[in-house]
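Listed here are the chains, written in short residue letters.
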Amino acid sequence: MLKNYFKITWRNLVKNKFSSFINIGGLATGMAVAILIGCWIWDEVTFNHYHGNHHRIAEIVSITTYNGSTNADEFASVPMANEIRSKYPDDFEKIALITSGGHLLSVGDKKLTHWGMWAQAEFPSIFSLRILKGSSTLNDASSMLISESLAKSLFGDYDPLHKTITVDDSTVMRVAGVYEDLPQNSNFHGTEYLLSWENKNNPGNNNPDDWTNHHFQLFLQLKPQADINTVSAKIKNISKPHLKGGWEEIMLHPMNRWHLYNEFANGKMDSGRIQFVWIFGIIGCSVLLLACINFMNLSTARSEKRAKEVGVRKAVGSLRGQLIAQFYCESLLVSLMSLVAAMFIAWLALPYFNILAGKKIVIPVNQGIFWSSVFSFTILTAFIAGSYPAIYLSGFKAIKVLKGTFRTGKWASLPRKALVIMQFSVSVTLIIGTITIFRQVQYAKGRPVGYSREGLIRTEVNSAELKQYFDALRNDLINTGVVDNAAISSSGSTEVQNSMVGYSWKGGNPNIVPIIGTLFVSYEFGKTIDWKIKEGRDFSRGFPADSGGIILNEAAVKFTGFPHPVGETIKWGEQDHTIVGVVNDLVMESPYSPVQPTFFMLSDRKNHVISIRVKPTVSMHDALAKMEPVFKKYNGGSPFEYQFTDENYARKFSDEEYIGKLAMSFTILAIFISCLGLFGLASFLAEQRTREIGIRKVVGASVFNLWKMLSSDFIVLVIISCLIAIPLAWYFLNQWLQQYEYRTEVSGWIFLTASAGALVITILTVSFQSIKAAIANPVKSLRTE
């Protein structure tokens, strides 16, 4: 029976080549989009699953409240680890502190700068690192683990075990083991080495009893029976007895939520990249639905041609259930053929998709779950696409069909029109959404940042000599004639790496300890980045008292409540710092969020970033060529590595930008599928009205009138689609924009542009068939019947 169904189906597909081609083309495109989006979503939801214990790993998050504002930071203090170990042994299996950063690694004459971390001994086992050589031990103060790629870079084909590596030209470490490179869908991707926490040069050992120093991350592996919410509530006040004012609560952030729920609101996990998973899931389903609608429309449009087939088969005894099965077989065969084409399209598109998405996704053809998922949604697609045609066509009355009295009537076209409206409502909504995403990115990019990024570069201090002889280095850089100024600081101008406690001031609440973003800078920092002084003055070597001075940004002035801040005093520890100036807010963190209160103080205690301002009249290529010898003079054989500040700032928009690019690509495909359906529908309807067109031409109808007759219905349908899409898009986009403190508005011109674009695309698509039919020879048209 099934074999006969497929034979009849194949004959029908061959007989109707044009509509079959459009059906397969549309479904294949929709399926390819669904496959790519499905792979992307799988990569997102399985983020960190490389680590075998991911479901039992958590990170400490610090929650602080001051002046009604609650913040959550993924940092902890060193003594917190020992406190948790000693007090809660029944809840935690393993605990490890880390502190991350870039370090200069030297092996003989070879020197490379890579990202790594100081880590406690249990870190490798918590995150189930796959050791390829040696062991995972970090108990020895001089031991380190390196990644497979770093081993290749430093030692080539030689065995790296027990070889020594000098870190930052000062610390000699021994390679105890080599681990497999961590994949891109891990939070620790790019971590090239682990240094033993026990080493005396680890900054975590400087003051191991300081509860206020929150420069570290603390990871914990829970015992199998432990409930993370119960344990989190149990330890939330662990640091309060050790902090004046008890200003901190802590919570456990489970590893399975690090990637998708990486944003906090009022001290609670709020959202994050999970919103993008939902967005692309909806887009994938929408594009596939558009392809299914094409199949439904073309199948029902051919209803009069297939009515005789249905009538004959019913007359010879076919039951309605058999006819329904026949039409579902037709849908299934089209879906299976589309799947083959979709796999080929996805395979061709994958390299470009990975570039747009910033990932290294592969289609997992060797996994059973992939094929079971693919075949499941193929069958579901066949069911959705074939359901309406099967039920509609199988319901024709045999007597009416065979008597020649069967007519589909004007009401029969209503479902088809409704499907076209649904198609273009989805397409117009996607157009509006894509424009809004790009507009939000451009709006944030245009936000005044409070300093000049152009011509500003940064380099990390990767040796003691660079920091020790910075003043001489700065003078030599300026003497090259290509540098305007240079400064050293604890953070660059695109981040605030340090948040400090222990500040107090007149009028502040003595029972609450504020955490303030803090940058330690040299005198020339402000002149180098070109910040704007709002009140008072900049730091100056001409004022010896500035060594104890402090500069506030506007957010800090508002935070402290000083009506006239210049000349006021802020106490930190036992030292008073006089406010010498106020600068405009600098956008150093997220460009979508309010600027955090920040203090700038003269100090070299934590400075490790050199900022350099290149003269605007000098090309960057020439400037770098002249700067490199100066750095090599003070930095031995270390490589001169640098970053452009404008590029660092641009990376803050990377998530939204690649989401926008992906959304635009899928929107174009959605429009293509919709147009493909319109093209097929217009072709069929023009063919259906061939005789009418011929008669109208004979009695004097112009090409324009015929074009108008054939196109007007489609244009009306698209206008209705726009009227439906506009309020839907406005509602959902307004909801999406609420997550950004600094956001654009959904302007009316976006709706007009999207609607006009949809109309133009519709007219161009339909006009080809309409004009072709209108200019045809009427003699041939009248002979068609």
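In this text, all values refer to a predicted model and were calculated from it rather than measured experimentally.

(A) Structural view of the overall build of the protein. Tallying secondary structure elements over the protein gives 23 helices and 25 strands in all. Pairs at least 24 apart in sequence give 79% of the contacts found in the protein among residues at least 6 apart. On the protein, roughly 35,500 Å² of surface is accessible, and the fraction owed to carbon and sulfur atoms is 58%.

(B) Examining the pairing of strand β18 (residues 516-521) more closely. Within β18, six of the six residues are buried, which leaves it mostly tucked inside the rest of the structure. The alternating pattern of β18 places Ile516, Thr518 and Phe520 and Gly517, Leu519 and Val521 on opposite faces, both of which are buried. In the sheet, strand β16 (residues 499-500) pairs with β18 via two bridges, with the strands oriented antiparallel. Bridge pairing in β18 places Met500 opposite Ile516. The pairing of β18 with strand β23 (residues 598-602) spans five bridges and is classified as parallel. Bridged to Phe520 within β23 is Met601.

(C) Seen up close, the nonpolar core. By size, the foremost hydrophobic cluster in this structure holds 104 residues, and its most contacted members are Ile35, Trp40, Phe353 and Phe600. When near neighbours in sequence (up to four residues on either side) are disregarded, Phe353 contacts Leu36, Trp40, Ile361, Leu662 and Phe666. One finds Met80, Phe92, Leu105 and Ala151 within the second-largest nonpolar core, a separate group that totals 42 residues.

(D) Focus on helix α21 (residues 703-737). End to end, α21 covers 47 Å across 35 residues, agreeing with the expected 51 Å (1.5 Å per residue, within 8%). Maximal helix bending in α21 amounts to about 40 degrees, located at Ser711.

(E) Up close: the side chain of Asp43. Locating Asp43 in the fold gives a position in helix α2 (residues 17-45). A relative accessible area of 15% means that Asp43 is categorised as buried. A polar contact of 2.6 Å, which involves the side chain of Asp43, links it to the side chain of Lys359. For Asp43, the contacting residues outside a window of four places in its chain are Asn185, Lys359 and Ile361.

(F) Structural view of the packing of aromatic side chains. Going through the model one piece at a time under the given rule, you end up with 32 aromatic pairs. Between Phe127 and Phe188, the ring centres sit 4.7 Å apart and the planes meet at 65 degrees, which makes this aromatic pair edge-to-face. Placement of Phe127 in the loop between α4 (123-126) and β5 (131-134) and of Phe188 in the loop between β8 (171-179) and β9 (193-196) is noted, with a sequence separation of 61 residues between them. With respect to burial, Phe127 and Phe188 carry one shared label: buried. Taken together, a centroid distance of 4.8 Å and an interplanar angle of 85 degrees make the contact between Tyr503 and Phe599 edge-to-face. One end of the pair, Tyr503, is in strand β17 (residues 503-505); the other, Phe599, is in strand β23, with 96 residues separating them in the sequence. Judged by relative accessible area, which is 4%, Tyr503 ranks as buried. Members of the aromatic cluster, each reached through a chain of ring pairs, are Phe123, Phe127, Phe188, Phe219 and Trp258. Over the aromatic face of Tyr261 sits the side chain of Arg257, whose NZ or CZ is 3.9 Å from the ring centroid. Geometry around Phe543 places Arg537 over its ring, the cationic atom sitting 3.8 Å from the centre.

(G) Geometry of the packing of helix α14 (residues 470-479) against helix α17 (residues 620-635). Look at α14 against α17: their axes get within 10 Å of each other, and the N-to-C directions meet at 160 degrees. As summarised for this structure, α14 and α17 are arranged roughly antiparallel, according to the angle between their axes. Here the hand of the crossing between α14 and α17 comes out right-handed. Each of Ala472, Leu473, Asp476 and Leu477 in α14 lies in contact with α17, whose residues at this interface are Met627, Val630, Phe631, Lys633 and Tyr634. For the contact of α14 with α17, the residue count by class is seven nonpolar, no polar and two charged.

(H) Seen up close, the pattern of salt bridges. For the structure shown, the criterion picks out 22 salt bridges. Measuring nitrogen to oxygen at the nearest pair gives 3.4 Å for the salt bridge that ties Lys240 to Glu249. Here the residues in one salt-bridge network are Asp43, Glu44, Arg273 and Lys359, joined through shared partners.

(I) Unusual backbone geometry, seen in detail. Although it is not a glycine, Asp169 adopts a positive phi angle of roughly 60 degrees. Summarising the element assignment, Asp169 is placed in the loop between β7 (164-167) and β8. You can call Asp169 partly exposed: its relative accessible area is 32%. Phi at Asp530 is positive, roughly 65 degrees, even though this residue is not glycine. Mapped onto the elements of the fold, Asp530 is located in the loop between α15 (525-529) and β19 (533-536).

(J) Spotlight on α17. Helix length check: α17 (16 residues) gives 21 Å between terminal C-alpha atoms against 22 Å at 1.5 Å per residue, within 8%. Taken together, the buried residues of α17 touch β14 (456-460), α13 (464-468), α14, β15 (483-489), β24 (609-614) and β25 (643-644).

(K) View of the environment of Ser590. With respect to the helices, strands and loops of the structure, Ser590 is situated in the loop between β22 (575-583) and β23. Residues Ser590 and Thr494 lie 96 residues apart in sequence; the distance between their C-alpha atoms is 9.0 Å.

(L) Structural context of the side chain of His103. Position of His103 among the secondary structure elements: in strand β3 (residues 92-107). The exposure class assigned to His103 is buried, which follows from its relative accessible area of 12%. Once you skip the residues sitting within four places of it in the chain, His103 turns out to touch Leu112, Thr113, His114, Trp118, Val167, Asp168 and Tyr193.

(M) Spotlight on the pairing of β7. Of the two faces of β7, the one holding Ile165 and Val167 is buried and the one holding Thr164 and Thr166 is not buried anywhere. Where β3 and β7 come together, two bridges link them in antiparallel fashion. Across the sheet, the residue bridging to Leu105 is Val167, located in β7. In this structure, β7 lies alongside β8, joined through four bridges in antiparallel fashion. Residue pairing for β8: Val167 is matched across the bridge by Thr171.

(N) Representation of the environment of Asp622 in the model. As for its placement among the helices and strands, Asp622 is situated in helix α17. Since its relative accessible area comes to 43%, Asp622 is described here as partly exposed. Spatially, the C-alpha atom of Asp622 lies 8.1 Å from that of Val482, the residues being 140 residues apart in sequence. A polar side-chain atom of Asp622 sits 3.0 Å from a polar atom in the side chain of Ser619.

(O) Expanded view of a nonpolar patch on the surface. A cluster of nonpolar residues, Val716, Ile720, Ile724, Leu728, Trp730, Tyr731 and Phe732, forms a patch on the protein surface that exposes about 680 Å² of accessible area. The topology assignment puts Val716 in helix α21. Residue classification places Val716 among the partly exposed positions, given a relative accessible area of 46%.

(P) Representation of the environment of Leu519 in the model. Looking at the secondary structure, you find Leu519 in strand β18. Residues Leu519 and Phe600 lie 81 residues apart in sequence; the distance between their C-alpha atoms is 4.9 Å. Each residue touching Leu519, except ones within four places of it in the same chain, is listed here: Ser490, Ser491, Gly492, Glu495, Val496, Phe525, Met588, Thr598, Phe599, Phe600 and Met601.

Conventions used here
- Residues numbered from 1 in each chain as written.
- Predicted model: local features only at pLDDT ≥ 70, side-chain atom pairs only at ≥ 80, totals over all residues.
- Heavy atoms only, no water.
- Helix = DSSP H or I, 4+ residues; strand = E, 2+ residues; numbered from the N terminus.
- Contact = heavy atoms within 4.5 Å.
- Areas by Shrake-Rupley, 256 points an atom, 1.4 Å probe, with all protein chains shown as cover.
- Buried < 20%, exposed > 50% of the residue type's maximum accessible area, 1.4 Å probe, protein only.
- Pairing = 2+ DSSP bridges.
- Core = buried A, V, L, I, M, F, W, Y, C linked by side-chain atoms within 4.5 Å.
- Expected span 1.5 Å × (residues − 1).
- Bend = angle between axes of the 7 residues up to and from the residue.
- Polar contact = N/O pair within 3.5 Å; in protein donor to acceptor, adjacent residues only side chain to side chain.
- Phe/Tyr/Trp six-rings, centres within 6.5 Å; stacked < 30°, edge-to-face > 60°.
- Lys NZ or Arg CZ within 6 Å of the ring centre and 35° of its normal.
- Axes fitted to C-alpha atoms, helices over the stretch in contact; angles between N-to-C directions.
- Parallel < 35°, antiparallel > 145°, perpendicular 65-115°, else oblique.
- Left-handed = near helix turned anticlockwise from the far one by under 90°.
- Nonpolar A, V, L, I, M, F, W, Y, C, P; charged D, E, K, R; others polar.
- Salt bridge = Lys/Arg side-chain N within 4 Å of Asp/Glu carboxyl O.
- Patch = residues over 30% accessible without salt bridge, like charges linked within 9 Å, V, L, I, M, F, W, Y side chains within 5 Å.

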